[in-house]
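Survey of secondary and tertiary structure
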Amino acid sequence: CLHQKRSVCGISGRVLAMATVGEYLYVGGMFDMAGGKPANNVARFYSGVWEPLGMGVDGPVTVMSALKVAGSVSGSCVYIAGEFRTATDLTGDTEVRGLARR
């Protein structure tokens, strides 16, 4: 269910960027919910379920790119860019000034 509507199975706003890593679909844009869960502008979709990425970023995501990275656990990293200053995860806010990596 990839519908762009505010519901349990969709994104609550606009998707502006997408990238794939294996079977994961990463999306960024201007939204606050993904699959009925809080997701500030960035989320991923896998096996029919939306998941937030940390606590998201504080502004729109306009570009995403998946790159192969030797030595990383998954073999790939997703870079996001846009009009945001901070990214938030379980350890707190990190100033990223428009460019972050997952």
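Residues numbered from 1 in each chain as written. Predicted model: local features only at pLDDT ≥ 70, side-chain atom pairs only at ≥ 80, totals over all residues. Heavy atoms only, no water.

1. Digging into the sheet that holds strand β10 (residues 86-89)
Reading across from one edge, β7-β10-β11 is the order of the 3 strands in this open sheet, with antiparallel pairing throughout. The open sheet is flanked by β7 (56-57) and β11 (92-95), the only strands paired with a single partner. Here 4 bridges tie β10 to β11, and the two strands are oriented antiparallel to one another. Across the sheet, Ala-87 pairs through a bridge with Thr-94, a residue of β11. (Pairing = 2+ DSSP bridges. Helix = DSSP H or I, 4+ residues; strand = E, 2+ residues; numbered from the N terminus.)

2. Quick word on the pattern of salt bridges
By the definition in use, this model includes 2 salt bridges. Arg-44 is the salt-bridge partner of Glu-51, the closest N and O atoms lying 2.6 Å from each other. Take Glu-51: its relative accessible area is 26%, and that puts it in the partly exposed class. Judged by its relative accessible area of 15%, Arg-44 is buried. A salt bridge links Arg-85 to Glu-95, with the shortest nitrogen-to-oxygen separation between them at 2.9 Å. In this pair, Arg-85 is assigned in the loop between β9 (76-82) and β10 and Glu-95 in strand β11, connecting sequence segments 10 residues apart. The partly exposed category is assigned to Arg-85, whose relative accessible area is 47%. With relative accessibility at 45%, the residue Glu-95 sits in the partly exposed group. (Salt bridge = Lys/Arg side-chain N within 4 Å of Asp/Glu carboxyl O. Buried < 20%, exposed > 50% of the residue type's maximum accessible area, 1.4 Å probe, protein only.)

3. Let's talk about the confidence of the model for the chain
Looking at the chain, pLDDT values average 85 and 86% of them are 70 or higher. Here strand β12 (residues 99-101) stands out as the least confident element of the chain, with mean pLDDT 75; strand β2 (residues 24-30) is the most confident, with 95. Scored below 50 in pLDDT, residues 4-8 makes 15 contacts in the model with residues more than four places away or belonging to other chains. (pLDDT = per-residue confidence, 0-100. Contact = heavy atoms within 4.5 Å.)

4. Side note on the nonpolar core
Counting 14 residues, the largest nonpolar core has Tyr-26, Val-57, Val-61, Met-64, Val-78, Ile-80 and Phe-84 as the members making the most contacts within it. Of all the elements in the fold, those that place two or more residues in this core are β1 (14-21), β8 (61-68) and β9. Of the residues forming this core, the biggest block, 3 residues, is contributed by β1. Grouped together as the second largest cluster of nonpolar side chains are 9 residues, Ile-11, Val-27, Phe-31 and Phe-45 included. (Core = buried A, V, L, I, M, F, W, Y, C linked by side-chain atoms within 4.5 Å.)

5. Comments concerning the packing of aromatic side chains
A complete count under the given rule lists 3 aromatic pairs for this structure. Ring geometry for Tyr-24 versus Tyr-46: centroids 4.5 Å apart, planes at 25 degrees, classification stacked. Remark: Tyr-46 occurs in strand β5 (residues 42-46) and Tyr-24 occurs in strand β2; sequence separation between them is 22 residues. A residue is classified by how much of its surface remains accessible, and Tyr-24, at 26% relative accessible area, is partly exposed. (Phe/Tyr/Trp six-rings, centres within 6.5 Å; stacked < 30°, edge-to-face > 60°.)

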